[in-house]
Amino acid sequence: MTGFSSSYCGSSKLWDPVETLEIINPDPGYQRITCVGYAPSQGRRCRIAINQYNRQTITNTLNEISYLHPSDPNVVSRLRGVAGAALCVRFHQGQASDILSQWRSKLPKVQRTDSEQRPRSSRSQARNQTSKDLQERLRKLRELMDQLEENLEAQKSDCCTDEESDEEIIYEDFQRAKAKDRLERDGLEKERRDQKARKRRDAEQAADEEQSNQRAQARATEAKARKEQESTERERINAERIKREAREAEEAAKKERIRRQRAQERAEQEARERELKEEKERIDKERQEQEAKRKRDAANSASNERIRQRARERAEKAAREKREKEEREQAEWKQAWTRYQDQWVLFKTSPSQHGVLRDVIPWPVKTGLFREVNASAVKAFLENALPAGTLRVKLLRKECQKWHPDVICRWPRAGELTDVERLMLDMICRVVTDQLNSSSGRSSEFL
């Protein structure tokens, strides 16, 4: 992982923790943040959703560490803090240490994605650092040559009586060291020439970019001035048009006021005459209506009592029919629950009974038939067949255990289950879990 320092934290993201650590579930239909634990009974990643608070915590943490180098110790520390939040509470909290180890193993694979977009200042700093390193190496080589020469002189003075072959060996070592030094000097010289050429190219490129920026700025300034001039001309034309329209509107309003005033005077005169006529007609009409009302009240007083009596009878009949219908439905749900429990007892005591497996399984619907199984039917069965109160929560916990995938895979005839039946079983498990969460006062996103 080159191109980073251990404490680097820039203004742009250095890597994508969500993609690198595979936080999003890749399974079809589950492309979102789910439990990252492994379900051994299903041979795949767990698909239980994480609650909203934990999802927000995971997202914020991963966004923060995306600005840190993957080898930064703070990255592992922050990942350790969200490993538990990324696992479902019911089944996989014990896998937190394994998940952290998996994440840590994926960190060394991260490479910097913006190496080609580093600022020119970073390249200059790298070249300066390379030049300093070469100078330091040259200094060390010179010190080594001086030390070799001193050792050779000392050996010549102290070992004059040694054999001639030893002197030849020392001389050859000295010659090899000198040759190596020449090669190092040639390499350093070539590196300095290349560095000068790069600096010259960078300077030319910077000059070209500066000229391009200046030309673009000049064009932008010219376009801005032209737009401002056009805007000023449009504002002037609009101002003249507004003034002209205001004068025309004022004249039209004056004429309209005169016309309305005359029309109002005529309307007031006609209204006074009409009021006198209407008042006379109203008095005559009221007199006639009062007389007709007295006759109607006398004729309808007897029929009103009969109407009220019939209305009371219809209301009592509707209430009685509604009560009887509710009692029948309650009895049917109670009977369905009893039959469902008896079928489970038979299914557990005789797991190897003959027949098609889908016809033997005690399905949690009112009819108990596989063709009636769907999410709404299972939800209606759990809401109406189970008793209310604390006993309902206990029964829902037992139902969760019955329909859990790990329990189903241990059925003697689990190998006969088709893909459709497995989908139905997974759907029943989710509906039962949602009902348990609702009865316990928890959000369904908690699991």
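Sequence positions are assigned chain by chain, starting from 1 and proceeding in written order. Residue-level local features of this predicted model are given only where pLDDT is at least 70; pairs of side-chain atoms are given and counted only at 80 or more, and the full residue set underlies all totals for whole chains, interfaces and linings. Only heavy atoms go into the side-chain values, all of them from the structure, while hydrogens and water stay out.

What follows deals with the packing of helix α9 (residues 390-402) against helix α11 (residues 419-440). Working note: a packed helix pair is described by the angle between its axes plus the distance between those axes. Their axes nearest at 9 Å, the elements α9 and α11 cross at an angle of 155 degrees. In terms of orientation, α9 lies roughly antiparallel with respect to α11. Considering the relative orientation of α9 and α11, their crossing is left-handed. Only V432, T433, Q435, L436, S439 and S440 of α11 make contact with α9, whose side of the interface consists of R392, V393, L396, R397, E399 and C400. All amino acids are sorted into three groups, where Ala, Val, Leu, Ile, Met, Phe, Trp, Tyr, Cys and Pro are nonpolar, Asp, Glu, Lys and Arg are charged, and the leftover types, Gly among them, are polar. Here the residues of the contact of α9 with α11 are counted per class, giving five nonpolar, four polar and three charged. As a rule, the C-alpha atoms of each element are fitted with a line to give its axis, helices using only the stretch in contact, and angles between N-to-C directions run from 0 to 180 degrees. Starting at the N terminus, helices and strands are each numbered in turn, a helix being any DSSP run of H or I of at least four residues and a strand any DSSP run of E of at least two. Working definition: roughly parallel below 35 degrees, roughly antiparallel above 145 degrees, roughly perpendicular at 65 to 115 degrees, and oblique for all remaining angles. Handedness of a crossing follows from how the near helix is turned relative to the far one, being left-handed for an anticlockwise turn of less than a right angle and right-handed for a clockwise one. Contacts are assigned to residue pairs with any non-hydrogen atoms lying within 4.5 Å of each other.

Take the buried Ala, Val, Leu, Ile, Met, Phe, Trp, Tyr and Cys residues and link them wherever side-chain atoms come within 4.5 Å; each set so joined is a nonpolar core. Any residue under 20% of the maximum accessible area for its type is buried, any over 50% is exposed, and the rest in between are partly exposed; the area is computed with a 1.4 Å probe on protein chains only. In this structure, W403 and W411 are the most contacted members of the largest nonpolar core, which totals 33 residues. Elements with a contribution of two residues or more to this core: α6 (164-349), α7 (357-360), α8 (375-385), α9 and α11. Apart from the residues within four sequence positions on either side, W403 is in contact with Y340, W344, I361, P362, P364, I408, W411, L425, I428, C429 and V432. Judged by nonpolar contacts, the second largest core, of 26 residues, contains C46, L62, L79 and V82.

As a further point, take a negative patch on the surface. Patch building starts from residues that exceed 30% relative accessible area and form no salt bridge, then joins like charges within 9 Å and nonpolar side chains (Val, Leu, Ile, Met, Phe, Trp, Tyr) within 5 Å. Accessible areas in this description were obtained via Shrake-Rupley with a 1.4 Å probe; residue shielding takes into account the shown protein chains only. In what follows, salt bridge is the name for a side-chain nitrogen of Lys or Arg lying within 4 Å of a carboxyl oxygen of Asp or Glu. In this tally, Lys and Arg are treated as positive and Asp and Glu as negative; His is ignored, and so are the chain termini. By convention, charge coordinates are those of NZ in Lys, CZ in Arg, CG in Asp, or CD in Glu. Among the surface-exposed residues, E321, E324, E326, E327 and E329 lie close enough to one another that they form a single negatively charged patch. Locating E329 in the fold gives a position in helix α6.

Once that is clear, we can look at the confidence of the model for the protein chain. Every residue is assigned a pLDDT by the predictor, reflecting its confidence on a scale from 0 to 100. Summing up the model confidence of the protein chain, the mean pLDDT is 80 and the portion of residues at 70 or higher is 85%. Model confidence for the protein chain, summarised as mean pLDDT per element, is weakest for helix α5 (residues 120-158) at 66 and strongest for strand β2 (residues 44-45) at 90. Across residues 1-10 the pLDDT falls below 50, and counting only partners more than four positions away or on other chains, this stretch makes 23 contacts in the model. Contacts of residues 160-164 to residues separated by more than four positions or lying in other chains number one contact, the stretch itself having pLDDT below 50.

Packing of α8 against α11 brings their axes to within 10 Å, and their N-to-C directions diverge by 40 degrees. Comparing their axes, α11 and α8 come out oblique. Here α8 and α11 pass one another in a crossing that is right-handed. Every residue of α11 that contacts α8 at A375, V378, K379, L382 and E383 is listed here: M427, I428, V431, V432 and Q435. A class-by-class count of the residues in the contact of α8 with α11 yields seven nonpolar, one polar and two charged.

Turning to the layout of surface pockets, a few remarks are in order. Only protein atoms enter the calculation, which uses a 1 Å grid: trapped sets of points that fit a 1.4 Å probe without letting it out are cavities, open sets showing protein on both sides within 12 Å along at least five of seven lines are pockets, and any residue with an atom within 4 Å of a point is a lining residue. Grid points are joined across faces, edges and corners, and a volume is the space filled by probe spheres set on the points. Within this model, the largest pocket holds a volume of roughly 980 Å³. Forming the walls of the largest pocket are 36 residues, and the residues nearest its centre are I48, P405, D426, C429 and R430. Of all the secondary-structure elements, those providing two or more residues to the lining of the largest pocket are α9, α10 (405-408) and α11. Looking at which element gives the most residues to the lining of the largest pocket, the answer is α11, with 11 residues. Of the residues belonging to the lining of the largest pocket, the class tally is 17 nonpolar, eight polar and 11 charged.

With that settled, the discussion passes to unusual backbone geometry. Unusually for a residue other than glycine, E22 sits at a positive phi of about 55 degrees. Examined against the element boundaries, E22 turns out to sit in the loop between α1 (17-20) and β1 (38-39). Residue E22 is classed as partly exposed on the basis of its relative accessible area, which comes to 48%.

This brings us to the packing of aromatic side chains. Pairing of aromatic rings covers Phe, Tyr and Trp, the last through its six-membered ring, and needs centres within 6.5 Å; plane angles under 30 degrees mean stacked, over 60 mean edge-to-face, and all others mean tilted. The full count for this structure, using the stated rule, is 12 aromatic pairs. Judged by centre distance (5.1 Å) and plane angle (55 degrees), the rings of W363 and F370 are tilted. F370 shares its class with W363; the two are buried. One aromatic cluster is present, formed by W333, W337, Y340, W344, F347, W363, F370, F381, W403 and W411 through successive ring pairs. Both a distance and an angle decide whether a charge sits over a ring: NZ of Lys or CZ of Arg must be within 6 Å of the ring centre and within 35 degrees of the ring normal. Geometry around W333 places K366 over its ring, the cationic atom sitting 4.8 Å from the centre.

This part takes up α9. Because an α-helix completes one turn every 3.6 residues, residues spaced three or four positions apart along the sequence face the same direction. For α9, spanning 13 residues, the distance from its first C-alpha to its last is 19 Å, which sits close to the expected 18 Å at 1.5 Å a residue. Within α9 the residues assigned to the buried category are R392, V393, L395, L396, E399, C400 and K402. One fewer than the residue count of a helix, multiplied by 1.5 Å, yields its expected span.

To continue, consider the pattern of salt bridges. Going through the model one piece at a time under the given rule, you end up with 20 salt bridges. K366 is paired through a salt bridge with E332; the nearest N and O atoms lie 3.0 Å apart. Taken as a pair, K366 in the loop between α7 and α8 and E332 in helix α6 lie far apart in primary sequence, 34 residues in all. Note on K366: relative accessible area 32%, which makes it partly exposed. On the basis of relative accessibility, which here comes to 39%, the residue E332 falls in the partly exposed class. The partner of E399 in a salt bridge is K402, with the nearest N and O atoms 3.1 Å apart.

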